[in-house]
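Notes for the structure review
The lines below spell out each chain.
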Amino acid sequence: MNACRICGEKSIVEFFDFARQPLSNSFADAAAGGREFAFRLAAGFCTGCTMAQQLEEAPRDRVFPADYPYRSSESAGSRRHFTEAAKTLIATELTGSDPFIVEIGSNDGIMLRTVKEAGIRHLGVDPAKDAAELAAAEGVRVRVGLFAEPTALEIRAADGPANVVYSANTISHIPGIESIFDGVRALLAPGGVFVFEDRYVSDIVENTYFDQIYDAHFYLFAVRSVQAMAARFGFDLIDAEHLPVHGGSIRYTVARSGERRPRASVGEFLARERERNLSDPDVYRAFGARARATCGNLTALLRDLRAAGRSVVGYGATAKSATVTNYCGIGPDLVPFICDSTPAKQGTLTPGSHIPVRPPEAFSRPYPDYALLFAWNHAEEIMAKERGFRDAGGKWILYVPDVHIV
Ligand code: JHZ
Ligand code: ZN
C-alpha cells in the first residue's frame, strides 16, 4: 500500500490505474522521435486525510521543462478569468501602502499583467523559461525557477514580505507540497494570504472528467482535503470560492493559523462534500468504472465513423487529451490530426499517441464530418469561433460527462 504524500499514512485506496502514460505536455519529445518517458499513472484516495492523489510521481523537472508549451493566455476565457482574478486581489488584498504579490507558476504573465498595469509591485516565479520570457516581454517581473523555501527567503531579502502569494493550476501539481508551504510561510507578511486555484475533485467525479488526471495533476483537491493539508502546515483555510474554469475549480484562501476568521463558505462546502460522500472511496471507484465505459464508447464511436467513411479531426491538443488518447487507445488511424492554436505545439506530435498537431487553419481545408473536442472546457469559445464548421454540416463529439454528439 502506498503512503499518502500529505499525511504519511499507509491508507491509500487505489481507484484508477491508467497503466503506462507519457508526459502530457511532451509534444516536442514525441516529435523528436526518441524513446518517450513514461510512468505509471494511477490515482488513489487517502482514507486518513481524504486527499486524492497519484500513486507514482513523474519527476517535476520533466513535467515542467524550460520549453513547457502551455500558454495561459491562449484562450479568451482564460485571459478574462485572470484579469478578473487580478482585479479582485487588487481590490481586496493589495490595498495597503506599497503592496507586493508573488505568483507561483506565472506562465506567460497573464495574471500579473493587470497587476503591473495597476503599478503594484509583483514577481512571477516559473521554471518554464520560454513562457517566462513572454511574461518579461510584457513588462512583468519574473524569476525562472521552482518555488521553495530558499527561493522565498531570497525574494523576501530582496523585495520584502509579500501580502499575497497567488497560484493557479500549480499547487496541485507539486507532490512535495511541504516545500511550497515552507516557502509561503517564509515569504508572507503578517496578515498576508496564500490564494490558489485548482480543479475541484467534486466536479471531476460528478462529470467523469477522467482526463483531468495526468502527470501534472498530482493531487485532486477538495475543500476538506485542502483544509486538512493547510492545517498540517500551520495554515487555516479561510475562504473557498467555486470558479467555472476547467470544468470547475476552487479558489482557496489560506492564512497563518489563527490570523483570520474563516468565512461561512468553508463550512458550506464541507457540508456539501459530506452530502456528496466525497470521503467515501466507493464514490471514486464508481467514477473509475464510468471512465472506463466512456473510453469504450468513444473508441467504438470513432471506429464506427471510420468504418462508415466519415472523417474525424481532433480540436485542442490539451494536456487532458494525452490521457484520453493513450488510455483509450486513440491514434492517428482514428483521429488523423488535432488542431491547436498554440504555436509551440503546432508541427509536433501528441505525446504517446503521436497524432500530428496542426494550426486551426487546417480545420477548414476541408472541414471534417466530425470534430472531437478535447478542449471541452473551452467549448463555447471554440464552437463560436468555428461557427462555419456547423454551418457546413459538421458535428462536435464530446466525451464528458459522457460520449455524445452535438
Ligand atoms: P486547456 C493545461 O491543461 C496544463 P490543458 C496545466 N496542467 C493545467 O492545469 C491547465 O492547462 C491550466 C487550444 N485552443 O486550457 C489551446 C485552441 O486551439 O484546456 C490549448 O492547447 N483554440 C497547466 O492543456 C488547448 O486548446 C481555442 O480557441 O488541458 C486548451 O488547453 C482555444 C480556446 C484553445 O488546458
Ligand atoms: Zn493522507
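Each residue is numbered by its place in its chain's sequence as written, counting from 1. By the order in which they are written, chains take letters starting at A while ligands take numbers starting at 1. Since the coordinates come from a predicted model, pLDDT governs what is reported: local features require at least 70, and pairs of side-chain atoms require 80 or more to be given and counted, while whole-chain, interface and lining totals use all residues. Water and hydrogen atoms were dropped before computing side-chain values, which therefore reflect all heavy atoms in the structure.

**Considering the packing of aromatic side chains**
Put simply, the rule reads: Two aromatic rings, drawn from Phe, Tyr or Trp (for Trp, its six-membered ring), form a pair once their centres lie within 6.5 Å of each other, and the interplanar angle then sorts them: stacked below 30 degrees, edge-to-face above 60, tilted otherwise. Numbered from the N terminus, helices here are DSSP runs of H or I no shorter than four residues, and strands are runs of E no shorter than two. Exposure categories follow from relative accessible area, calculated using a 1.4 Å probe and restricted to protein chains: below 20% of the type maximum is buried, above 50% is exposed, and the middle band is partly exposed. Comment: the charge-over-ring label is applied if NZ (Lys) or CZ (Arg) is within 6 Å of the ring centre and within 35 degrees of the ring normal.
One pass over the full model with this rule turns up 28 aromatic pairs. Here the aromatic rings of F16 and Y327 are separated by 5.4 Å at their centres, their planes lie at 65 degrees, and the arrangement is edge-to-face. With F16 in strand β1 (residues 12–22) and Y327 in helix α12 (residues 319–328), this residue pair connects regions lying 311 residues apart in the sequence. A relative accessible area of 1% means that F16 is categorised as buried. Among the residues examined, Y327 registers a relative accessible area of 22% and is labelled partly exposed. Relative to Y284, the ring of F45 has its centre 4.6 Å away and its plane inclined at 25 degrees; by these criteria the two rings are stacked. Taken as a pair, F45 in strand β2 (residues 38–46) and Y284 in helix α11 (residues 281–307) lie far apart in primary sequence, 239 residues in all. The same class applies to F45 and to Y284, which are both buried. Three or more aromatic residues joined by ring pairs make a cluster, and in this case those are F181, F194, F196, F218, Y219, F221, F233, F235 and Y252. The positively charged end of R292 is found above the aromatic ring belonging to F16, 5.3 Å away from the centroid.

**Overview of the coordination of the zinc ion (ligand 2)**
Quick note on the threshold: For Na, K and Ca the donor cut-off is 3.2 Å, and for all other metals it is 2.8 Å, counting N, O and S atoms only; because water is absent from this set, sites may look incomplete. Square planar and octahedral sites, with four and six donors, are those where opposite donors lie more than 155 degrees apart and all other angles lie between 65 and 115, tetrahedral sites have four donors with every angle between 85 and 135 degrees, and the rest are irregular.
For the zinc ion (ligand 2), the full set of protein donor atoms is C4 (SG), C7 (SG), C46 (SG) and C49 (SG), at a range of 2.3 Å. Geometry at the zinc ion (ligand 2) is tetrahedral, judged from the 4 donor atoms that bind it and their angles of 102 to 117 degrees at the metal. Mapping the donors of the zinc ion (ligand 2) onto the primary sequence gives the spacing C-x2-C-x38-C-x2-C. With C4 in the segment before β1 and C46 in strand β2, this pair connects stretches of sequence that are 42 residues apart. Considered together, C4 and C46 belong to a single accessibility category, that of buried residues.

**Details of the domain arrangement of the protein chain**
The test is simple: All the domain ranges listed were derived from an automatic or database domain assignment. Note on definitions: a residue-residue contact is assigned when non-hydrogen atoms from the two residues lie within 4.5 Å. Buried area: the accessible area, evaluated with a 1.4 Å probe, that two parts lose upon being put together, summed over both parts. When a carboxyl oxygen of Asp or Glu is within 4 Å of a side-chain nitrogen of Lys or Arg, the pair counts as a salt bridge. Counted as a polar contact is a pair of N or O atoms within 3.5 Å, where, for protein atoms, one must be capable of donating a hydrogen and the other of accepting one, and residues adjacent in sequence contribute only when both atoms are in side chains.
Entries for the protein chain in the domain assignment read domain 1 (72–275) and domain 2 (282–405). Summarising the inter-unit geometry, the C-alpha centres of domain 1 and domain 2 are found 30 Å apart. Domain 1 puts 17 residues into the contact, and the matching count from domain 2 is 22 residues. Here domain 1 meets domain 2 over a buried area of about 1,800 Å², counting both sides, of which 66% is carbon and sulfur. Contact with domain 2 buries surface across domain 1, with T208, F210 and D211 losing the most and accounting together for 38% of the total. Taken together, the links from domain 1 to domain 2 amount to 0 salt bridges. Counting the contacts that link domain 1 with domain 2 gives 9 residue pairs in polar contact (both at pLDDT 80 or more). At the level of elements, α3 (76–92) and α8 (201–206) are the ones that each hand at least two residues to the side of domain 1 that touches domain 2. The element contributing the most residues to the side of domain 1 that touches domain 2 is α8, with 3 residues.

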